[in-house]
Amino acid sequence: MRHGIVAILAATALSSSLPASTPPAAARKPPPAAVTMDLAVTDAVRSVLTGRFDEGHVAMLQALGHQQAVAATCRGFSIDPKAYADEFDLIYDGVDGKPRALSPAQRVEVERTATLALGMMFGGQVAIAANSHEAFCSAAVRERASGAAKHLVWKS
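Please read these numbers as outputs of a predicted model, since none were measured by experiment. (Residues numbered from 1 in each chain as written. Predicted model: local features only at pLDDT ≥ 70, side-chain atom pairs only at ≥ 80, totals over all residues. Heavy atoms only, no water.)

### Comments concerning the nonpolar core
Logical step 1: Formed by 20 residues in total, the largest nonpolar core has its most connected members in Leu49, Leu61, Leu64, Phe88 and Ile91.
Logical step 2: Those elements that provide at least two residues to this core are helix H2 (33–49), helix H3 (55–73), helix H4 (81–88) and helix H5 (104–131).
Logical step 3: Of the residues forming this core, the biggest block, five residues, is contributed by H5.
Logical step 4: Setting aside its immediate chain neighbours within four residues, Leu49 contacts Val58, Leu61, Thr113 and Ala117.
Logical step 5: With 10 residues, the next largest nonpolar core counts Val70, Cys74, Ile128 and Cys137 among its residues. (Core = buried A, V, L, I, M, F, W, Y, C linked by side-chain atoms within 4.5 Å. Buried < 20%, exposed > 50% of the residue type's maximum accessible area, 1.4 Å probe, protein only. Helix = DSSP H or I, 4+ residues; strand = E, 2+ residues; numbered from the N terminus. Contact = heavy atoms within 4.5 Å.)

See the structure below:
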């Protein structure tokens, strides 16, 4: 799903840099609702995580929320609890990949913030799935088969 959205965004960005003979902005088709929804959820998640988590954490939480939504809405998908826990535990690491020194209170705050962001992403992805369930699940099948997605926690 992520790769498809990135491709759509890249195509949209490319079309805005074409010569003046391209149609004016008002004549261009808006991006699909799923793209707009995904971007809005990502912006909201980033606003919650800003200053406390890096882009790697954001990407990991996005991936986990997406995969949980797929497992909840698409046949043939389930979450591997150990793989999920291993990925989620990355919230305790810094940019360098080493564990951050956190007091017990800081650790609780990191968990609460990450869990909120994960829930936001999950909810957004469930809403996107509701837009076009068949397309959402088909994209997930392709995503899993590609082996290129990061932070995969689906059972094989």
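### Focus: H4
Logical step 1: Taken together, the buried positions of H4 are Ala83, Tyr84, Glu87 and Phe88. Viewed end-on, H4 has its buried residues packed into an arc of 130 degrees, placing them on one side of the element. Exposed residues lying more than 90 degrees from the buried face of H4 are Pro81 and Lys82.
Logical step 2: On the buried face of H4, the contacting elements are H3 and H5.
Logical step 3: Measuring from the backbone nitrogen of Lys82 back to the side-chain oxygen at the start of H4 gives 3.0 Å, which picks out Asp80 as the cap. (Arc of directions from axis to C-beta. Polar contact = N/O pair within 3.5 Å; in protein donor to acceptor, adjacent residues only side chain to side chain.)

### Thoughts on the pattern of salt bridges
Logical step 1: Here the structure, examined in full by the defined rule, presents four salt bridges.
Logical step 2: The salt bridge involving Glu55 is made with Arg46; its shortest N-O contact spans 2.7 Å.
Logical step 3: According to the relative accessible area criterion, Glu55 is partly exposed, its value standing at 47%.
Logical step 4: By relative accessible area, which is 31% here, Arg46 ends up partly exposed. (Salt bridge = Lys/Arg side-chain N within 4 Å of Asp/Glu carboxyl O.)

### Here we look at the packing of H3 against H4
Logical step 1: Taken N-terminus to C-terminus, the directions of H3 and H4 make an angle of 155 degrees; their axes are 10 Å apart at the nearest point. Considered as vectors, H3 and H4 are oriented roughly antiparallel to each other. Seen from above, H3 lies across H4 with left-handed handedness. Seen from H3, the contacting residues are Met60, Leu61, Leu64 and Gln68; seen from H4, they are Tyr84, Glu87 and Phe88.
Logical step 2: Residues belonging to the contact of H3 with H4 are distributed by class as follows: five nonpolar, one polar and one charged. (Axes fitted to C-alpha atoms, helices over the stretch in contact; angles between N-to-C directions. Parallel < 35°, antiparallel > 145°, perpendicular 65-115°, else oblique. Left-handed = near helix turned anticlockwise from the far one by under 90°. Nonpolar A, V, L, I, M, F, W, Y, C, P; charged D, E, K, R; others polar.)

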